[in-house]
Amino acid sequence: MPHRIRISDGVRRALDERRAVVALETTLIAHGLPQPDNLEVAHDAEALVRAEGGVPATIGVIAGVATIGLDEGELELMATTSGVPKLSARDVPVAAALGVNGATTVAATASLAAQAGIRVFATGGLGGVHRAANESWDESADLDMLARTPIALVCSGVKSILDVPATLERLETLGVTVVGWRTTSFPGFYLTDSGRSIDWSVASESEAAVVIEARASLGAGGGVLIANPIAPEEQLDPATHDRVLSAGLTALDDRSVRGKAVTPFLLDYFATATGGASLEINKRIIRNNARLAARIACALAGGAGGS
Ligand code: PSU
Ligand code: MN
């Protein structure tokens, strides 16, 4: 049998020693951010996890092997090779069979991380329900995977290019535990507050760890979403945000952009229309979430979750 999953030595050791490990995804590197910012952020996220005493496990598919803990060369490959396919969970087996490289989405990364025994995962934004999904049926596999996978995902909500209220409804239906980091306002990625509220918040890393532990102990399986907003003074100016979003959605319609191309188109539209401001916020969000995820993983590893 070929080896389908490879765990790097460093990550393997950390897991054996029950140290804090944080999973990181590669779709945001290969498809979510432009060069050279993508590689810079990938490095920063790993360094921030290490600075908190954790071990980063960036996940992707390398020559058909699902790799937990990419090395420097593999990270560079994800960031600089054009045409690396975006792999959701359903695509990973095909990439494995064909022996190709691929960047893993939240859904694919969460599934692989949990299989390796990793409990905490950081990203920028979760995939969600697209606008007009009632006609297109376009809902990210991230949501269903989070419902089925025992992992805690630290993110800053979903981008406003998606349907935020519908995404929250689906998370409820799917039984994903959602808690805000020191807030009951659901973050709106570029914005501190999406305008939607959530029921629960946690006030500390150890409180987050206790929620994660409780979810695991109660035997329901499934994941926890920890929603970490960008600070109000660092968010995109809300008026600018609203203006760019509505212009971007119009441009989308005018040019009949659909399917997988929607997100890259709108992200690029935002970056251009805000003179790069949205990109800087995107990068900051990923760094913040990596740092918080590491702190929570340390609290879990240190027994703050009780076990
Ligand atoms: N949201 C972002 N940036 C991203 C993504 C989501 O703000 O790069 C990526 C993540 O990897 C996520 C994926 O898992 O897009 C969702 O894609 P889809 O909607 O095709 O499931
Ligand atoms: Mn989709």
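Residues numbered from 1 in each chain as written. Chains lettered and ligands numbered in written order. Predicted model: local features only at pLDDT ≥ 70, side-chain atom pairs only at ≥ 80, totals over all residues. Heavy atoms only, no water.

Novice: Mind showing me how you'd approach the overall build of the protein here?
Specialist: In terms of helices and strands, the protein carries 13 helices and eleven strands. Computed over its C-alpha atoms, the radius of gyration of the protein comes to 18 Å, within 12% of the 19 Å expected for a compact globule of 307 residues. When its C-alpha atoms are laid out on the principal axes, the protein stretches across 55 × 45 × 35 Å. Accessible surface, the protein: about 13,400 Å² in total, of which carbon and sulfur atoms supply 51%. In the protein, 26 side chains carry a positive charge and 35 a negative one; their mean positions are 4 Å apart. (Helix = DSSP H or I, 4+ residues; strand = E, 2+ residues; numbered from the N terminus. Rg over C-alpha atoms; globule rule 2.2 N^0.38 Å. Areas by Shrake-Rupley, 256 points an atom, 1.4 Å probe, with all protein chains shown as cover. Lys, Arg positive; Asp, Glu negative; His and termini not counted. Charge placed at Lys NZ, Arg CZ, Asp CG, Glu CD.)

Novice: Sorry, what's going on with unusual backbone geometry here?
Specialist: Trans is the prevailing form of peptide bonds, just as negative phi is the prevailing case for residues other than glycine. Geometrically, the link from glutamine 35 to proline 36 is a cis peptide bond, its omega value of 0° lying close to zero. Tracing the backbone through its elements, the reader meets proline 36 in the loop between helix 2 (27–32) and helix 3 (37–51). Positive phi values are uncommon outside glycine, yet phenylalanine 189 reaches one of about 60°. When you line up the elements, phenylalanine 189 lands in the loop between strand 9 (177–181) and strand 10 (201–202). A positive phi is found at serine 256, a non-glycine position, where the angle reads about 50°. Relative to the elements of secondary structure, serine 256 occurs in the loop between helix 11 (238–254) and helix 12 (262–273).

Novice: Would you mind going over the site of ligand 1 with me for this structure?
Specialist: The immediate surroundings of ligand 1 are formed by 13 residues, with Glu25, Val106, Ser140, Asp142 and Lys159 found nearest. Note that an oxygen atom of ligand 1 is positioned 2.7 Å from one of the side-chain N or O atoms of glutamate 25. The separation between an oxygen atom of ligand 1 and a polar main-chain atom of valine 106 is 2.8 Å. Taking 470 Å² as the accessible area of ligand 1 by itself, protein coverage stands at 86%. (Near = heavy atom within 4 Å. Polar contact = N/O pair within 3.5 Å; in protein donor to acceptor, adjacent residues only side chain to side chain.)

Novice: Just checking my understanding: could you explain the state of the cysteines for this structure?
Specialist: Formally, a disulfide is one covalent bond, and it connects the sulfur atom of one cysteine to the sulfur atom of another. Summed over the entire model, instances satisfying the criterion amount to zero disulfides. Free cysteine cysteine 298: the closest other cysteine sulfur is in cysteine 155, separated by 20 Å. (Disulfide = S-S within 2.5 Å.)

Note that every value here comes from positions in space, so none of it alone points to a role or purpose.
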